[in-house]
Each structure stands twice: as structure tokens, then as C-alpha cells.
Amino acid sequence: MIIKNKTLVEDGWQVLRLSDQETAEKVTVPNGKVIVPLKVWLAQRDQLQQRRELGVWFASDERPEDLKGDVHKFQVIAVDFPKFSDGRGYSIAYNLRARLGYAGELRAIGDVLRDQLFYMQRVGFDAFAPRADRDIHDALKGFEDFSEVYQTSFDQKQPLFRRVQRQSKSSLV
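Conventions we followed
Residues numbered from 1 in each chain as written. Predicted model: local features only at pLDDT ≥ 70, side-chain atom pairs only at ≥ 80, totals over all residues. Heavy atoms only, no water. Helix = DSSP H or I, 4+ residues; strand = E, 2+ residues; numbered from the N terminus. Buried < 20%, exposed > 50% of the residue type's maximum accessible area, 1.4 Å probe, protein only. Contact = heavy atoms within 4.5 Å. Pairing = 2+ DSSP bridges. Core = buried A, V, L, I, M, F, W, Y, C linked by side-chain atoms within 4.5 Å. Phe/Tyr/Trp six-rings, centres within 6.5 Å; stacked < 30°, edge-to-face > 60°. Lys NZ or Arg CZ within 6 Å of the ring centre and 35° of its normal. Salt bridge = Lys/Arg side-chain N within 4 Å of Asp/Glu carboxyl O.

Focus on the overall build of the protein
So, point 1. Helices and strands together make up the secondary structure of the protein, namely six helices and eight strands.
So, point 2. Secondary structure elements in the protein, listed N-terminal to C-terminal, are β-β-β-β-α-β-β-α-β-α-β-α-α-α.
So, point 3. For the protein, the spread of C-alpha atoms along the principal axes amounts to about 75 × 35 × 25 Å.
So, point 4. Looking at the protein as a whole, 43% of its 173 residues are labelled buried.
So, point 5. Residue pairs at least 24 apart in sequence account for 49% of intrachain contacts in the protein once pairs closer than 6 positions are excluded.

Next up, the structure:
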């Protein structure tokens, strides 16, 4: 199960992770819905680009610009969080949405915790694969932690002070 658009859904995708013995050029990508590492896509692009059900995932030290010409070919793009304190994935997600115009499913994978979901959605994530050792039902509550946002981001283009209607001093007298 994953969280997609704030609801629990069955996950039909498999995330391909390379073992220490495998290389991006030589790994065999299984059939079916597979999310491959960016380096596998870059190494095997000619063979993989014909597949309809293929996604790609970014490591936290990779750049979205490396996928610039191909970003619209994928139904799903995932960003890996190797540990919860590594915030580089937020920038990757924001850049995929705001700068590269990616409109498909953007999924957070790896060390994804409830406390992060609200903020992840703000930068463009719409799907989340929380850590297996955490309660996914509890993670859903993370979207309700805050009722309003002050700052702008991908999900809100205007700051709060521009959205709030204030009464003028003359109407109070």
C-alpha cells in the first residue's frame, strides 16, 4: 500500500534497486511496472524508452535536469530519501514540478515519515511510500497537522498575507 492523493491505494509498481554486484549498464530490468534508478535509465535509455509502464527514481545526489528531455515519458517519478534528515529530495521534487513541468505521479520513497508528508506535498509530491516499519494509517494524519500555510511553494503561489482580506481602519470606526 502507498498513499496517493491523500488516500491509501494498492501499489502496482516495483522499485528496482541495484545490488553491489550490479551495474546500471548490465542490470536486467524486469517486466511489468518498474521504477528504475536514474542511472539505469541513462545507461539503457535506447532499450527502455519503448516501455510504457516504466518509472524512474532519483537518488538524493542526482539532478532533475539530467532527465530534462525525457521527463514527460514517465507515468511515475520517485525521489529517494536515504534518511529522513536528508532534505535534498524536496528540491528535486520542486524542480521537477515547477521548472521541468512534470505533471505525472511524483512519489517519495525511502525513509519517508509521517512528519514529512505535509511538507513533501507542498513541493509537489502526490504519492508516498512510508517506511515499512511505520503505520501507514497513522501517516495519513500527517496531512492534517496544519490547516494553513504562510509561505509560497508549488502548492500555494501566494503568501498568506496576500490571501487574507483585512478590514480597513475606516470600516472599523
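Some details on the sheet that holds strand S3 (residues 14-15)
So, point 1. Strand order in the open sheet formed by eight strands is S2-S1-S8-S7-S6-S5-S4-S3, and the pairing between neighbours is mixed. Two strands lie at the open edges of the sheet, namely strand S2 (7-9) and S3, each paired on one side alone.

Re the nonpolar core
So, point 1. Counting 36 residues, the largest nonpolar core has Val36, Trp41, Ile77, Leu96 and Phe125 as the members making the most contacts within it.
So, point 2. Looking at this core, the elements that each hand over two or more residues are strand S4 (34-37), helix H1 (38-48), strand S5 (54-58), strand S6 (76-81), helix H2 (88-99), strand S7 (105-110), helix H3 (114-122) and helix H4 (136-140).
So, point 3. Ignoring sequence-local partners within four residues, the contact set of Val36 consists of Leu16, Val29, Trp41, Leu54, Gly55, Val56 and Trp57.

A look at the packing of aromatic side chains
So, point 1. A full pass over the atoms with the stated rule returns six aromatic pairs.
So, point 2. Ring plane angle 75° and centroid distance 5.5 Å describe the contact between Phe81 and Tyr90, whose orientation is recorded as edge-to-face.
So, point 3. Taking the centre distance of 5.9 Å and the plane angle of 55° together, the rings of Phe81 and Phe125 count as tilted. Residue Phe81 is found in strand S6, and its partner Phe125 is found in the loop between H3 and strand S8 (127-128); the two are separated by 44 residues along the sequence.
So, point 4. Connected via pairs of aromatic rings, a cluster forms that spans Phe81, Tyr90, Phe125, Phe128 and Phe143.
So, point 5. Across from the ring centre of Trp57, 4.8 Å away, lies the NZ or CZ of Arg17, which sits over that ring.

A short note on the pattern of salt bridges
So, point 1. Applying the stated criterion to the full structure yields 13 salt bridges.
So, point 2. Between Arg17 and Asp80 there is a salt bridge, with its nearest N and O atoms 3.0 Å apart. With Arg17 in the loop between S3 and S4 and Asp80 in strand S6, this residue pair connects regions lying 63 residues apart in the sequence.
So, point 3. Given a relative accessible area of 41%, Arg17 falls into the partly exposed group.
So, point 4. According to the relative accessible area criterion, Asp80 is buried, its value standing at 9%.
So, point 5. Notably, a salt bridge pairs Asp86 with Arg88, separated by 2.7 Å at the nearest N-O pair.
So, point 6. Asp86 sits in the buried class, given a relative accessible area of 9%.

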